[in-house]
Amino acid sequence: FCVRTGSWVSGAILAAQKIKSLDHDSSYNHAGIVVTSTGVTFEALRKIAHYNLDNYIGCRILIARHVRMTTSAFMRGYHEVKKWDGTVYPFWRLALHAVGLANLLHVIKVPVCSELVVEHARCAGLVTYNGYGWSPDNLADKFTNYKCYDIVYEGEWHGLEGKAE
């Protein structure tokens with residue numbers, strides 16, 4: 001999933017992404033993996049850990065699913081990315097993203113939010129490229145412009161209780 005939150009950090013991320021974006025648009029500043037139908041997520045916030053989609057009530061959200069995602073593929077990818085569970089967010093990588101070096105410099109190999117999502121897809125066997133250097137804007141563009149993704153939901157998030165419009 002990709003989400004647009006309202007913090008000052010999100011504004012900086014959106015501005016930096018817009019400068020580098022091929023379509024000159026940047027709508028989402030964060031990304032994560034939906035783990036369960038009850039909204040449990042695995043994402044990189046202050047630390048890489050499990051959270052919940054309902055933390056984004058009132059925010060614009062895009063939830064997509066790769067057309068070849070199966071339970072076994074999901075679990076294969078999830079098993080691999082869970083190695084980062086509890087790891088502190090790699091704030092230094094944001095500067096690398098801002099100057100366009102995140103895809104080249106990833107010695108410590110701790111992903112930011114969007115890189116975590118792409119690494120999950122790679123480990124699930126759905127993509128062949130690594131996630132380093134990917135931004136939430138790149139993911140949102142991929143989700144909406146490529147036929148290999150189904151859009152599950154897009155709009156303002158009102159929670160899992162059937163209140164989404």
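Quick summary incoming for the structure in this document.

Parameters at a glance
- Residues numbered from 1 in each chain as written.
- Predicted model: local features only at pLDDT ≥ 70, side-chain atom pairs only at ≥ 80, totals over all residues.
- Heavy atoms only, no water.
- Helix = DSSP H or I, 4+ residues; strand = E, 2+ residues; numbered from the N terminus.
- Buried < 20%, exposed > 50% of the residue type's maximum accessible area, 1.4 Å probe, protein only.
- Contact = heavy atoms within 4.5 Å.
- Areas by Shrake-Rupley, 256 points an atom, 1.4 Å probe, with all protein chains shown as cover.
- Disulfide = S-S within 2.5 Å.
- Axes fitted to C-alpha atoms, helices over the stretch in contact; angles between N-to-C directions.
- Parallel < 35°, antiparallel > 145°, perpendicular 65-115°, else oblique.
- Left-handed = near helix turned anticlockwise from the far one by under 90°.
- Nonpolar A, V, L, I, M, F, W, Y, C, P; charged D, E, K, R; others polar.
- Salt bridge = Lys/Arg side-chain N within 4 Å of Asp/Glu carboxyl O.
- Phe/Tyr/Trp six-rings, centres within 6.5 Å; stacked < 30°, edge-to-face > 60°.
- Lys NZ or Arg CZ within 6 Å of the ring centre and 35° of its normal.
- Polar contact = N/O pair within 3.5 Å; in protein donor to acceptor, adjacent residues only side chain to side chain.

1. Quick word on the overall build of the chain
Along the backbone of the chain there are 5 helices and 6 strands. Ordering the α and β elements of the chain from the N terminus gives β-α-β-β-β-β-α-α-α-α-β. When the 165 residues of the chain are sorted by exposure, 47% land in the buried category. Long-range contacts, defined as pairs at least 24 residues apart, comprise 63% of the intrachain contacts of the chain with a sequence gap of at least 6. Accessible area of the chain: about 8,700 Å², with a carbon and sulfur share of 57%.

2. Concerning the state of the cysteines
Tallied over the entire structure, the rule returns 0 disulfides. Cys 2 supplies the cysteine sulfur nearest to Cys 113, a cysteine that is in no disulfide, at a spacing of 8.2 Å. Of the residues examined, Cys 113 reaches a relative accessible area of 5% and is grouped as buried.

3. A short note on the packing of helix α2 (residues 71–81) against helix α4 (residues 113–123)
The contact between α2 and α4 brings their axes to 7 Å, and the two run at 130 degrees. In this view, α2 runs oblique relative to α4, as classed from their interaxial angle. Helix-helix and strand crossings are classified by hand; for α2 and α4 the assignment is right-handed. Residues Phe 74, Arg 76, Gly 77, Tyr 78, Glu 80 and Val 81 of α2 form the contact with α4, whose participating residues are Leu 116, Glu 119, His 120 and Cys 123. Looking at the contact of α2 with α4, its residues break down into 5 nonpolar, 2 polar and 3 charged.

4. A closer look at the pattern of salt bridges
Across all of its chains, the model carries 2 salt bridges by this definition. Across the salt bridge formed by Arg 60 and Glu 154, the nearest N and O atoms sit 3.7 Å from each other. Here Glu 154 lies in strand β6 (residues 149–156) and Arg 60 lies in strand β5 (residues 60–66), a separation of 94 residues in the sequence. Residue Glu 154 is classed as partly exposed on the basis of its relative accessible area of 39%.

5. Re the packing of aromatic side chains
Scanning the model with the defined rule gives 6 aromatic pairs in all. Here the aromatic rings of Phe 143 and Tyr 149 are separated by 4.9 Å at their centres, their planes lie at 55 degrees, and the arrangement is tilted. Relative accessible area serves as the criterion here: at 12%, Tyr 149 is assigned to the buried category. A network of ring pairs unites the aromatic residues Phe 42, Phe 74 and Tyr 78 as a single cluster. A cation over a ring is seen here: Lys 83 above Trp 84, with NZ or CZ 4.7 Å from the ring centre. A cation over an aromatic ring shows up here: Lys 142 above the ring of Tyr 146, its NZ or CZ 4.2 Å from the ring centre.

6. Concerning the side chain of His 30
Relative to the helices and strands, His 30 is located in strand β2 (residues 30–34). When its relative accessible area of 6% is taken as the criterion, His 30 is described as buried. Of the polar contacts made by the side chain of His 30, one reaches the side chain of Glu 43; its length is 2.6 Å. A distance of 3.4 Å separates polar atoms of two side chains, one belonging to His 30 and the other to Tyr 56. The contacts of His 30, once residues within four sequence positions are left out, are Phe 1, Cys 2, Val 3, Glu 43, Ala 44, Leu 45, Tyr 56, Cys 113 and Pro 136.

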